[in-house]
Amino acid sequence: MACSRSRSSAEEQPMWQMTQNSIALFLRGKLFAEPGKVIQRLLIGIAVTAVLFVCLAEAGTPLWLAALVAALLGGGLQPYLFKDLRYL
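Residues numbered from 1 in each chain as written. Predicted model: local features only at pLDDT ≥ 70, side-chain atom pairs only at ≥ 80, totals over all residues. Heavy atoms only, no water.

1. What to know about the confidence of the model for the protein
Moving on, step 1. Scored by pLDDT, the protein comes out at a mean of 86, with 86% of its residues at no less than 70.
Moving on, step 2. Averaged over each element, pLDDT in the protein is lowest for helix H1 (residues 14-27) (87) and highest for helix H3 (residues 63-82) (95). (pLDDT = per-residue confidence, 0-100. Helix = DSSP H or I, 4+ residues; strand = E, 2+ residues; numbered from the N terminus.)

Below, the structure is given as structure tokens:
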């Protein structure tokens, strides 16, 4: 019995193709209706993550754990920050 392997072309993986298309639109500035709000919300997320990391590190948490917790909480904040953004 032969083992069938899945092909890895972008045409057969619509999710990968959609991701590539979204990245290209984002880099060209044509994904969001209000790019200024996107930058503002990204900066808020980055600032929250950085503050969490510094506070946890100053509190004596090992750096690897402080980075992990800050990244998880900062990343978890992104859907909330991006929920009201309009796409083109």
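2. Looking at H3
Moving on, step 1. A rise of 1.5 Å per residue sets the reference length of H3, with its 20 residues, at 28 Å; its end C-alpha atoms lie 28 Å apart and thus fit the reference within 8%.
Moving on, step 2. Taken together, the buried positions of H3 are Ala 66, Ala 70, Gly 74, Leu 81 and Phe 82. The buried residues of H3 all sit within an arc of 100 degrees when viewed along its axis, so they share a single face. Facing away from the buried side of H3, by more than 90 degrees, are the exposed residues Trp 64, Leu 72, Gly 76, Pro 79 and Tyr 80. (Expected span 1.5 Å × (residues − 1). Buried < 20%, exposed > 50% of the residue type's maximum accessible area, 1.4 Å probe, protein only. Arc of directions from axis to C-beta.)

3. Things to note about the side chain of Arg 41
Moving on, step 1. Along the chain, Arg 41 falls in helix H2 (residues 35-58).
Moving on, step 2. Setting aside chain neighbours within four positions, we find Arg 41 in contact with Gln 78, Leu 81, Phe 82, Asp 84 and Leu 85. (Contact = heavy atoms within 4.5 Å.)

4. Looking at the environment of Leu 77
Moving on, step 1. By the secondary structure assignment, Leu 77 is in helix H3.
Moving on, step 2. Distance in space between the C-alpha atoms of Leu 77 and Ile 44 is 9.5 Å, their sequence separation being 33 residues.

5. Overview of the pattern of salt bridges
Moving on, step 1. Per the counting criterion, the structure on display carries two salt bridges.
Moving on, step 2. A salt bridge links Glu 34 to Lys 37, with the nearest nitrogen and oxygen atoms 3.8 Å apart.
Moving on, step 3. Between Lys 83 and Asp 84 there is a salt bridge; the shortest N-O distance is 3.2 Å.
Moving on, step 4. For Asp 84, a relative accessible area of 55% translates into the label exposed. (Salt bridge = Lys/Arg side-chain N within 4 Å of Asp/Glu carboxyl O.)

6. Considerations on the packing of aromatic side chains
Moving on, step 1. Inspection of every chain in the model, using the stated rule, returns three aromatic pairs.
Moving on, step 2. An angle of 90 degrees between the planes, with centres 6.1 Å apart, marks the rings of Phe 26 and Phe 32 as edge-to-face.
Moving on, step 3. Classification of Phe 32 by relative accessible area gives buried; the value is 9%.
Moving on, step 4. Ring centres of Phe 32 and Phe 82 lie 6.2 Å apart, and the angle between their planes is 80 degrees; on these two criteria the pair is classed as edge-to-face. Taken as a pair, Phe 32 in the loop between H1 and H2 and Phe 82 in helix H3 lie far apart in primary sequence, 50 residues in all. Each member of the pair, Phe 32 together with Phe 82, is buried.
Moving on, step 5. Put simply, the rings of Phe 26, Phe 32, Phe 82 and Tyr 87 pair up and form one aromatic cluster. (Phe/Tyr/Trp six-rings, centres within 6.5 Å; stacked < 30°, edge-to-face > 60°.)

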